Amino acid sequence: MIRTTCPYCGVGCGVLAKPRENGAGFEISGDPHHPANRGRLCSKGSALGETLDLDGRLLYPRIGESRVTWDQALDHVASGFRRIIDQHGADSVALYVSGQLLTEDYYVANKLMKGFIGTANIDTNSRLCMSSAVAGHKRAFGEDLVPICYDDLELADLVVLVGSNTAWCHPILFQRITAAKQRRPEMKIVVIDPRRTATCEFADLHLPIRAGTDVWLFNGLLAYLHQHGIVDTQFVEQHTVDASRALLVAENTAGDLRAVAKACRIDERQLAEFYGLFARTAKTITAFSQGVNQSSVGTDKVNAIINCHLLTGRIGKEGAGPFSVTGQPNAMGGREVGGLANMLAAHMELGNAHHQRIVQDFWHSPTIADKPGLKAVDLFEAIHEGKVKAVWIMATNPLVSLPDADRVKQALQRCELVVVSDCVEKTDTNACAHVLLPAAGWGEKDGTVTNSDRHISRQRAFMPLSGEARPDWWIISEVARRMGFAQGFDFSSPHEVFDEHARLSAAGNDDSRAFHIGGLTGLDRAAYDEISPVQWPLPTKGHAGTARLMEDGRFFHPDRKARMVPTTPRMPVNSTDQEFPLVLNTGRIRDQWHTMTRTGKSPRLSTHIAEPYVDMHAQDALLTGAKEGELVRVSTRWGSLIAKLKVSGEMPRGMTFVPIHWSDAFASDARVGALVNPIVDPISGEPELKHTPARVTPFVVSWQGFILSRESLPQLDVTWWTAAQGAQFHRYEIAGRRVYGDWSRWARHLFDAKQPHADWLEYSDPNAGIYRAVLLIDDRISACVFLSPRQDLPSRTWLAGLFAKERISGRDRAGLLAGQPADASADTGPIVCSCFGVGRNAICNSIAQHKLTTPQQVGEKLRAGTNCGSCVAEIKVLIAEAAGG
Ligand SMILES: Nc1nc2c(c(=O)[nH]1)N[C@H]1C(S)=C(S)[C@@H](COP(=O)(O)OP(=O)(O)OC[C@H]3O[C@@H](n4cnc5c(=O)[nH]c(N)nc54)[C@H](O)[C@@H]3O)O[C@H]1N2
Ligand SMILES: Nc1nc2c(c(=O)[nH]1)N[C@H]1C(S)=C(S)[C@@H](COP(=O)(O)OP(=O)(O)OC[C@H]3O[C@@H](n4cnc5c(=O)[nH]c(N)nc54)[C@H](O)[C@@H]3O)O[C@H]1N2
Ligand code: SF4
Ligand SMILES: [Mo]
């Protein structure tokens with residue numbers, strides 16, 4: 001059994017990987033000793049075992065279409081970069097990396113660019129994620145610091161969740177919060193989000209503010225606290241600067257409750273309730289995520305929140321503080337090594353001559369970057385313009401995840417040299433690569449990560465490397481050596497890289513930088529392997545780590561005082577556009593991770609929400625003229641996509657929400673990045689991913705339908721499709737404009753069934769436009785297709801169940817032709833609990849039959865919600881719906 005960490009979100013859960021007794025794969029469970037999760041895992045973590053096979057892996061280096069040796073690939077990359085640098089200078093090349101690299105990988109990449117190639121043109125997908133939090137922290141504290149620890153969330157009496165769908169995106173953290181609330185019902189949860197998300201199901205108060213108005217809300221809170229005398233005067237005087245300026249701006253812009261309620265478009269009484277609650281609760285945590293960061297006013301949002309904590313002295317104390325919840329497993333590690341284009345290394349600054357000297361001396365490097373490099377959006381624009389001529393992309397899929405993603409695609413198509421390191425063979429970005437380098441994946445790679453509360457944990461390998469895959473640190477070091485930098489990159493293991501990183505954190509660090517892991521220097525290989533999760537800073541040997549930062553009220557500006565930053569509210573840049581009257585909001589769903597390269601392989605995770613959708617308020621949906629389940633087109637000035645309309649009841653008027661996960665690899669037309677405006681926050685450079693003017697119009701087709709097939713199907717000749725992985729089948733949702741005459745021929749051609757025992761069940765009603773066909777081989781279902789011009793297609797979960805059967809019975813055959821199960825209970829409905837495969841119908845029936853009123857009771861009857869707990873919010877909604885009649 002190996003102890004490691006989950007490769008998904010920034011909660012950073014500990015994972016145990018144990019080889020199965022039959023030798024097939026690994027059993028994955030939560031590590032009871034890891035301080036982040038204490039044994040629990042969410043739906044994504046629990047399904048990690050389903051993502052480990054070689055299917056779809058990139059296993060060999062490639063140049064163009066040809067498989068090559070590592071030597072050829074590495075020489076090609078090194079000589080390509082060298083040639084372009086020699087001709088056009090260091091700033092003509094770039095790296096674009098990721099918060100999914102391990103700290104050791106990240107350290108080596110940053111060292112190569114900033115110390116040896118001599119440019120700061122290395123940026124990361126963390127730019128799209130938490131760079132506003134970084135900028136806000138630096139402005140307020142003088143350093144990028146997260147003051148709290150997870151235990152504080154349980155000690156708090158009030159947890160304010162701002163722009164965070166914690167229930168779905170940081171499920172284990174959310175479970176810790178809700179468990180604490182269950183123990184102490186007086187603890188309160190407030191959610192601030194324009195949408196009514198799953199997170200709201202546990203909240204005492206939900207403020208559905210108008211998108212983009214958070215600064216009004218928190219300026220209003222600051223003014224309110226001041227007006228009501230909720231000020232820690234001693235703390236403010238001794239430990240902060242600029243309180244009066246910040247207060248003046250807050251009073252002038254948001255001093256009046258009614259005006260704030262109006263700006264935020266919320267009920268004045270609810271606003272007063274929130275302010276009152278915040279005012280009387282000393283132990284308050286304000287946790288924030290992408291609804292705050294991903295905004296053209298993101299950095300100001302962060303500082304408006306921090307100001308409220310500084311005014312009340314609620315920082316560096318048990319159960320109190322602002323808390324940036326990080327997204328990726330190693331977002332924090334990337335910040336520590338300086339992986340952003342505007343940082344140097346070990347929390348040292350570019351453009352600070354003293355810091356430059358420390359780092360250059362330490363690295364013995366020929367040069368040192370002295371000015372910020374290009375931030376992600378600008379970097380890809382510079383590629384488009386031909387200023388940057390070579391880019392090496394690692395562990396990120398920018399063709400999907402960057403704003404204005406079609407322009408990013410054009411940029412890469414014109415770029416002289418595009419190198420991509422990934423563990424998956426077919427991604428949208430890989431399609432633009434000249435060189436593909438196979439990287440070690442989770443389970444194979446070995447190093448450290450830092451989670452949201454500064455815990456450094458080991459991520460350990462428990463499998464051999466697949467094919468010719470290699471760890472990222474090795475690949476980068478090999479290229480560096482071939483570029484002539486052998487002496488700086490003579491690493492033979494991640495352990496040596498980590499030691500160097502730890503020593504750099506200590507170099508010249510006379511308590512001027514909080515990031516100090518001197519206590520982890522000089523470990524031998526065995527001691528490195530044994531590192532238990534520990535929170536930085538730990539400056540000295542034997543130090544136990546630091547739970548909370550800034551407990552002594554000392555900050556990291558030169559005067560050791562925090563800054564209260566005046567924040568003048570302003571709307572997002574593109575907040576009105578008559579032709580595009582809606583706001584396009586984008587974000588995550590519970591069971592998929594980003595561009596689905598890994599979670600998309602798991603049948604369990606692909607059942608919860610199996611296809612992209614466009615969520616709208618019922619009234620706005622009516623105005624489009626389309627009905628729920630029909631296809632609509634979402635358009636913006638930058639691009640468009642097509643998906644089914646959904647009316648979840650979560651949306652406010654004027655907003656539409658589209659999930660970020662579907663790429664060209666999983667759908668014909670659902671890459672939301674192509675629609676998103678490339679506006680960025682002027683300070684952090686973080687793009688406005690939650691706010692693009694949009695419109696929604698019907699996308700008229702002649703029929704919709706779906707296919708379930710044991711074999712994966714080649715290119716489908718239909719107008720629109722999406723694909724998902726089922727337990728023993730591939731699922732395709734399809735739609736078409738052409739009215740075919742001979743469906744039967746089409747189906748036979750599609751499934752190409754030449755087996756001797758093939759048996760076709762077919763039903764066709766040409767007048768009604770209905771077609772159904774089922775291909776049975778030896779009485780076992782092999783594929784089925786259902787088409788209809790109306791919203792009357794059968795349940796996919798019922799049919800999925802038939803794929804598990806060895807033989808199809810006579811009753812099943814009758815049901816298949818009728819398009820509905822002969823026995824209604826055979827249809828459990830769309831999966832809600834992915835751990836135990838419990839469907840919506842099964843839960844609703846049980847609630848009605850047994851008059852269940854709590855998720856615990858549902859769990860006792862059906863097990864739903866009792867393993868990872870990620871679906872408890874949805875079970876709550878089903879109970880409430882049943883109670884509401
Ligand atoms: N299941 C799952 N979990 C994940 C990930 C994943 O892909 N899948 N990714 C991980 C990563 S990298 C990240 S960064 C995190 C992101 O975690 P979150 O930030 O929690 O997730 P998002 O869905 O991006 O957005 C959060 C919320 O911001 C709201 N919002 C939009 N505009 C505004 C606004 O103006 N103000 C406020 N207050 N709220 C607004 C949206 O409605 C949305 O509900 O999740 C991590 N966890
Ligand atoms: N519209 C919109 N866009 C967004 C967001 C949003 O909310 N709305 N959120 C943004 C945020 S917060 C984020 S974090 C990004 C995420 O967006 P991306 O980073 O583009 O998404 P991923 O699918 O996580 O891409 C990771 C890639 O790295 C590969 N990979 C995994 N592990 C390794 C490894 O160890 N080494 C290597 N070399 N490759 C590896 C995976 O196979 C995958 O192809 O999306 C951003 N884009
Ligand atoms: S909450 Fe889930 S996705 Fe996040 S680290 Fe834990 S198990 Fe992984
Ligand atoms: Mo993220």
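Bear in mind that the values here come from a model prediction, so they are computed numbers and not experimental data.

So, how was this worked out
- Residues numbered from 1 in each chain as written.
- Chains lettered and ligands numbered in written order.
- Predicted model: local features only at pLDDT ≥ 70, side-chain atom pairs only at ≥ 80, totals over all residues.
- Heavy atoms only, no water.
- Buried < 20%, exposed > 50% of the residue type's maximum accessible area, 1.4 Å probe, protein only.
- Helix = DSSP H or I, 4+ residues; strand = E, 2+ residues; numbered from the N terminus.
- Contact = heavy atoms within 4.5 Å.
- Domains from an automatic or database assignment.
- Buried area = accessible area lost by both parts, 1.4 Å probe.
- Salt bridge = Lys/Arg side-chain N within 4 Å of Asp/Glu carboxyl O.
- Polar contact = N/O pair within 3.5 Å; in protein donor to acceptor, adjacent residues only side chain to side chain.
- Pairing = 2+ DSSP bridges.
- Axes fitted to C-alpha atoms, helices over the stretch in contact; angles between N-to-C directions.
- Core = buried A, V, L, I, M, F, W, Y, C linked by side-chain atoms within 4.5 Å.
- Expected span 1.5 Å × (residues − 1).
- Lys, Arg positive; Asp, Glu negative; His and termini not counted.
- Near = heavy atom within 4 Å.
- Areas by Shrake-Rupley, 256 points an atom, 1.4 Å probe, with all protein chains shown as cover.
- Nonpolar A, V, L, I, M, F, W, Y, C, P; charged D, E, K, R; others polar.

Trainee: Any chance you could break down helix 4 (residues 131–141) for me, citing the residues and the numbers?
Mentor: One turn of an α-helix holds 3.6 residues; hence residues three or four places apart share an orientation. Burial of helix 4 is extensive: ten of the eleven residues sit out of reach of the surface. Taken as a whole, helix 4 has its buried residues at Ser131, Ser132, Ala133, Val134, Ala135, Gly136, His137, Lys138, Ala140 and Phe141. Residues of helix 4 that are buried in the fold lie against strand 12 (284–288), helix 13 (290–293), helix 14 (298–311), strand 13 (321–324), helix 15 (331–337) and strand 20 (562–563).

Trainee: Go over the domain arrangement of the chain with me, naming the residues and quoting the values.
Mentor: Taken as a whole, the chain is organised into domain 1 (2–51), domain 2 (62–129 + 330–535), domain 3 (131–324), domain 4 (582–698), domain 5 (703–819) and domain 6 (831–882). Computed from C-alpha atoms alone, the centre-to-centre distance between domain 4 and domain 5 is 27 Å. Domain 4 puts 20 residues into the contact, and the matching count from domain 5 is 15 residues. Summing the contributions of domain 4 and of domain 5, the shared interface buries around 1300 Å²; its carbon and sulfur component is 55%. Of all residues in domain 4, Ala610, Leu631 and Ser668 give up the largest surface area on contact with domain 5, accounting jointly for 31% of the area buried on that side. Along the contact surface separating domain 4 from domain 5 lie one salt bridge. Glu733 is paired through a salt bridge with Lys644; the nearest N and O atoms lie 2.9 Å apart. At the boundary of domain 4 with domain 5, the tally comes to six residue pairs in polar contact (both at pLDDT 80 or more).

Trainee: Mind laying out the sheet that holds strand 1 (residues 2–5), listing which residues take part and the relevant values?
Mentor: Neighbouring strands of a sheet are bound in pairs by backbone hydrogen bonds; such pairs are parallel or else antiparallel. Overall, antiparallel pairing links the three strands, which are arranged 1-2-3 in an open sheet. Each edge of the open sheet carries a strand with a single partner, namely strand 1 and strand 3 (26–30). The sheet shows a mean angle of 35 degrees between the axes of neighbouring strands, taken without regard to direction. Sheet analysis places strand 2 (residues 14–19) next to strand 3, joined by five bridges and oriented antiparallel. Note that in strand 3 the partner of Lys18 across the bridge is Glu27.

Trainee: Please set out the nonpolar core residue by residue, giving values where relevant.
Mentor: Grouped together as the largest cluster of nonpolar side chains are 127 residues, with contacts concentrated most on Phe81, Ile192, Leu217, Phe218, Phe274, Trp392 and Leu504. Here this core gets nine residues from one element, more than from any other, and that element is helix 8 (residues 214–227). Of the residues that make up this core, three or more belong to each of domain 2 (62–129 + 330–535) and domain 3 (131–324). When sequence neighbours within four positions are dropped, the list of residues in contact with Phe274 reads Val160, Val190, Ile192, Leu205, Leu207, Leu217, Phe218 and Leu221. Residues Tyr8, Ala156, Ile172 and Val583 belong to the second largest nonpolar core, which totals 59 residues.

Trainee: How would you summarise the sheet that holds strand 31 (residues 770–777) if you had to cite specific residues and measurements?
Mentor: The sheet built from six strands is open, its strands ordered 28-29-27-32-31-30 with antiparallel pairing. Of all strands in the sheet, those bounded by a partner on one side alone are strand 28 (720–725) and strand 30 (758–765). On average, adjacent strands in this sheet sit at an angle of 10 degrees to one another, irrespective of strand direction. Pairing between strand 30 and strand 31: eight bridges, direction antiparallel. Bridge pairing in strand 31 places Trp760 opposite Leu775. Each of strand 27 (703–709), strand 29 (730–736), strand 30, strand 31 and strand 32 (780–788) is contacted by helix 24 (residues 743–751), which is oriented at about 140 degrees to strand 32, the strand it contacts most.

Trainee: Tell me what's going on with helix 8, and back it up with residues and numbers.
Mentor: Taking 1.5 Å of rise per residue, 14 residues should cover 20 Å, and helix 8 covers 20 Å from first to last C-alpha, within 8% of that figure. Most of helix 8 sits out of view: twelve of its 14 residues are buried. All buried positions along helix 8 are accounted for by Asp214, Val215, Trp216, Leu217, Phe218, Asn219, Gly220, Leu221, Leu222, Ala223, Tyr224 and Leu225. Note on helix 8: the residue one or two positions beyond its end, Gly229, has a positive phi of about 70 degrees.

Trainee: So, the side chain of Asp453: which residues are in play, and what are the values?
Mentor: By secondary structure assignment, the location of Asp453 is in the loop between strand 17 (447–450) and strand 18 (455–459). There is no salt bridge for the buried Asp453, and the closest opposite charge comes from Arg176, which lies 6.1 Å off by N-O distance. In contact with Asp453, other than residues within four places in its own chain, are Ile148, Cys149, Tyr150 and Gln535.

Trainee: Quick one: what's the story with the site of ligand 2, residue by residue and with numbers?
Mentor: Contacts to ligand 2 come from 31 residues, most closely from Gln100, Ser401, Asp422, Lys445 and Thr595. Note that a nitrogen atom of ligand 2 is positioned 3.0 Å from one of the backbone N or O atoms of Ser421. In isolation ligand 2 has 920 Å² of accessible area, and contact with the protein removes 98% of it. The class makeup of the residues in the shell around ligand 2 is eleven nonpolar, 14 polar and six charged.

Trainee: Describe in detail unusual backbone geometry, supporting the description with residues and values.
Mentor: Residues apart from glycine generally show negative phi values, whereas peptide bonds are mostly found in trans. Looking along the chain, the bond that leaves Trp536 and enters Pro537 is cis, with omega of 0 degrees. With respect to the secondary-structure elements, Pro537 resides in the loop between strand 19 (534–535) and strand 20. One non-glycine residue, Arg265, lies in positive phi territory at about 55 degrees. When you line up the elements, Arg265 lands in the loop between helix 11 (257–264) and helix 12 (268–280). By relative accessible area, which is 57% here, Arg265 ends up exposed. A positive phi is found at His594, a non-glycine position, where the angle reads about 40 degrees. Residue position: His594 is located in the loop between strand 21 (582–587) and strand 22 (613–616).

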